[in-house]
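Results of the structural survey
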Amino acid sequence: MKLKVTLLTAVAALAGCAHAPFAYIDGNRYFHASLNTFSVIVLDVDGQSDLRNPVWVDPGKRVIRVQGPSTAGFTFGETRTLTLDVKPCTRYYLKAVKQNPLQQDFTPAVDYEEPIAGCRTG
């Protein structure tokens, strides 16, 4: 009887650990050798600010506001918005693409996508 109670308790505890699928938005670029690409700062996702990097988000269509790197003579980089259809259990590495490193202007883009180990979609 004691074994049954212990097993039921363990099963209930493990069931509590299960959570819905999620995704990460990472401001660090994945490929460092690419010319004129830079990491970004993720300012907010869907208007919700988060100081952590990577930012934990729910799957679905997300509006991500990022800040690019600053150049000489500027204190802060410019901000841009990126709309992304986030897949469950995926980590997205974002980057800023510039025409040359002296420009303040940039285009935000996804640098790399990878599956999150141990995350289950179902």
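Refer to the structure presented above.
The following refers to the structure shown.

The rules behind the values
- Residues numbered from 1 in each chain as written.
- Predicted model: local features only at pLDDT ≥ 70, side-chain atom pairs only at ≥ 80, totals over all residues.
- Heavy atoms only, no water.
- Pairing = 2+ DSSP bridges.
- Helix = DSSP H or I, 4+ residues; strand = E, 2+ residues; numbered from the N terminus.
- Salt bridge = Lys/Arg side-chain N within 4 Å of Asp/Glu carboxyl O.
- Buried < 20%, exposed > 50% of the residue type's maximum accessible area, 1.4 Å probe, protein only.
- Contact = heavy atoms within 4.5 Å.
- Disulfide = S-S within 2.5 Å.

**Structural notes on the sheet that holds strand β4 (residues 48-49)**
Pairing in this open sheet of four strands is antiparallel, and the strands run β4-β3-β6-β7 from one edge to the other. Among the strands making up the open sheet, the edge pair consists of β4 and β7 (79-86). Of the pairings in the sheet, the one linking strand β3 (residues 41-45) to β4 comprises two bridges and is antiparallel in character. Within β4, the residue paired with Val 45 across the bridge is Gln 48.

**Looking at the pattern of salt bridges**
Taken as a whole and assessed by the stated rule, the structure comprises eight salt bridges. For Arg 65, the salt bridge goes to Asp 44, with nearest N and O atoms at 2.9 Å. Taken together, the residues span a long stretch of sequence, with Arg 65 in strand β6 (residues 60-67) and Asp 44 in strand β3 at a distance of 21 residues. Residue Arg 65 is classed as partly exposed on the basis of its relative accessible area of 34%. When its relative accessible area of 12% is taken as the criterion, Asp 44 is described as buried. Note that Lys 95 is salt-bridged to Asp 111, the shortest N-O span being 3.3 Å. With Lys 95 in strand β8 (residues 90-97) and Asp 111 in strand β9 (residues 107-115), this pair connects stretches of sequence that are 16 residues apart. When sorted by exposure, Lys 95 lands in the same class as Asp 111, which is buried. Here the salt bridges share partners, and the residues they tie into one network are Glu 78, Arg 80 and Asp 105.

**Observations regarding the pairing of β6**
Inspection of the sheet shows β3 paired to β6 by four bridges, in the antiparallel sense. Bridge pairing in β6 places Val 45 opposite Ile 64. Sheet analysis places β6 next to β7, joined by eight bridges and oriented antiparallel. Note that in β7 the partner of Gln 67 across the bridge is Thr 79.

**Topic: the side chain of Lys 95**
Classification of Lys 95 by relative accessible area gives buried; the value is 16%. Ignoring sequence-local partners within four residues, the contact set of Lys 95 consists of Arg 29, Thr 37, Phe 38, Val 40, Thr 107, Pro 108, Ala 109, Val 110 and Asp 111.

**Section: the state of the cysteines**
By definition, a disulfide links the sulfur atoms of two cysteines through a covalent bond. The tally for this structure, following the rule as stated, stands at one disulfide. Two residues share a disulfide in this structure: Cys 89 and Cys 119, whose sulfurs sit 2.1 Å from each other. With the S-S dihedral at roughly -60 degrees, the linkage between Cys 89 and Cys 119 falls on the left-handed side. Here Cys 89, found in the loop between β7 and β8, pairs with Cys 119, found in the segment after β9; they are 30 residues apart in sequence, far enough to count as distant. Its relative accessible area of 7% is what places Cys 89 among the buried residues. Judged by its relative accessible area of 17%, Cys 119 falls in the buried class.

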